[in-house]
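Take a look at the letters that make up each chain.
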Amino acid sequence: MKKNLLSVLILVLMLVNIALSAVMMTNVISTNQKTAELMDSIGAAMNLELYTPGAGPEVSLANTETHVMSQMMIPLAYSQVTNEDGTTGTSSKQIYLVFDISLLIDKTHEDYAEYSGKIGDYDTMIQDAIERVVSNYTEEECRASFTGDIRNEMITAVQNLFESKFIYGITLSNIKFGG
């Protein structure tokens, strides 16, 4: 009799455990859905986009040509510093940004035929356009948004140079700061 009573008790506890687990999962799922809706509304209020501006169209790897450029070294704008007397001035130390850059080219774009094979002839003009963008920023600004907003400005400057969007992206690597 004791064995039967113990088996019934275990069965009842298992059923209660299953019921409470189901209730808990329902609450967790609904809370998760509400959190996702909240994050969507925050993103919409802040006007955040899933894809970054300047990222261009989605181009498959088969339709992408990569043009590797030489390493760039760009002097950055002088940083604002607070002097010992509390006044604000500019730093006297010149900081340089060194990085490798590659252009991502859409082989299916209508302007690709015009520039294919001779994009290297425009390297100095591309580097100049990129330098004009990057040299306006301080070290702190570059550390904060070099691979984000500043990259998008560089892409836009290169696209404006060619008056075309056949260069749809850039890759940045080996980013170093020094002075």
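Data block above holds the structure.
Cut-offs and rules
- Residues numbered from 1 in each chain as written.
- Predicted model: local features only at pLDDT ≥ 70, side-chain atom pairs only at ≥ 80, totals over all residues.
- Heavy atoms only, no water.
- Helix = DSSP H or I, 4+ residues; strand = E, 2+ residues; numbered from the N terminus.
- Rg over C-alpha atoms; globule rule 2.2 N^0.38 Å.
- Buried < 20%, exposed > 50% of the residue type's maximum accessible area, 1.4 Å probe, protein only.
- Contact = heavy atoms within 4.5 Å.
- Areas by Shrake-Rupley, 256 points an atom, 1.4 Å probe, with all protein chains shown as cover.
- Phe/Tyr/Trp six-rings, centres within 6.5 Å; stacked < 30°, edge-to-face > 60°.
- Lys NZ or Arg CZ within 6 Å of the ring centre and 35° of its normal.
- Patch = residues over 30% accessible without salt bridge, like charges linked within 9 Å, V, L, I, M, F, W, Y side chains within 5 Å.
- Salt bridge = Lys/Arg side-chain N within 4 Å of Asp/Glu carboxyl O.
- Pairing = 2+ DSSP bridges.

A. A look at the overall build of the chain. Helix and strand content of the chain: four helices and six strands. In sequence order, the secondary structure elements of the chain are arranged as α-β-β-β-β-β-α-α-α-β. Taken against the 2.2 N^0.38 rule, which gives 16 Å for 179 residues, the C-alpha radius of gyration of the chain at 28 Å runs more than 25% over that of a compact globule. Taken along the three principal axes of its C-alpha coordinates, the chain extends 95 × 60 × 30 Å. Considering the chain as a whole, with its 179 residues, one finds that 30% of them fall into the buried category. Restricting to contacts in the chain with at least 6 residues of sequence separation, those with at least 24 account for 73%. On the chain, roughly 12,300 Å² of surface is accessible, and the fraction owed to carbon and sulfur atoms is 57%.

B. A look at the packing of aromatic side chains. Under the defined criterion, the tally for this structure stands at six aromatic pairs. Note on Tyr-122 and Phe-162: the rings are 5.4 Å apart at their centroids and 75 degrees apart in plane angle, and the pair reads as edge-to-face. One end of the pair, Tyr-122, is in the loop between α2 (112-115) and α3 (123-134); the other, Phe-162, is in helix α4 (residues 139-162), and 40 residues separate them in sequence. By relative accessible area, Tyr-122 is classed as partly exposed at 22%. An aromatic cluster of at least three residues, connected via ring pairs, comprises Tyr-115, Tyr-122, Phe-162 and Phe-166. We note Arg-143 situated over the ring of Phe-177; from NZ or CZ to the ring centre the distance is 4.2 Å.

C. View of a nonpolar patch on the surface. On the surface, Leu-6, Leu-9, Ile-10, Leu-11, Leu-13, Met-14, Leu-15 and Ile-18 cluster together into a nonpolar patch covering about 800 Å² of accessible area. As for its placement among the helices and strands, Leu-13 is situated in helix α1 (residues 2-45). The class of Leu-13 is exposed, set by a relative accessible area of 53%.

D. Molecular detail of the pairing of strand β2 (residues 72-75). Side-chain alternation along β2 places Met-72 and Ile-74 on a buried face and Met-73 and Pro-75 on a face that remains uncovered. Relative to strand β5 (residues 96-106), β2 runs antiparallel, the two sharing four bridges. Across the sheet, residue Met-73 finds its bridge partner in β5, namely Val-98.

E. Region of the structure containing the environment of Gly-179. Within the secondary structure layout, Gly-179 lies in the segment after β6 (167-178). Along the primary structure Gly-179 and Tyr-96 are separated by 83 residues, whereas in three dimensions their C-alpha atoms are 5.7 Å apart. Residue contacts for Gly-179: discarding those within four places in its chain leaves Lys-93, Gln-94 and Ile-95.

F. Quick look at the pattern of salt bridges. What the rule picks out here adds up to two salt bridges. Note that Asp-128 and Arg-132 form a salt bridge whose closest N and O atoms lie 3.0 Å from each other. Of this pair, Asp-128 and Arg-132 both sit in helix α3, separated by four residues, roughly a single helical turn. According to the relative accessible area criterion, Asp-128 is partly exposed, its value standing at 39%. A salt bridge links Glu-139 to Arg-143; its shortest N-O distance comes to 2.9 Å. Residue Glu-139 and its partner Arg-143 are located together in helix α4, separated by four residues, close to a single helical turn.

In short, geometric facts, not functional conclusions.
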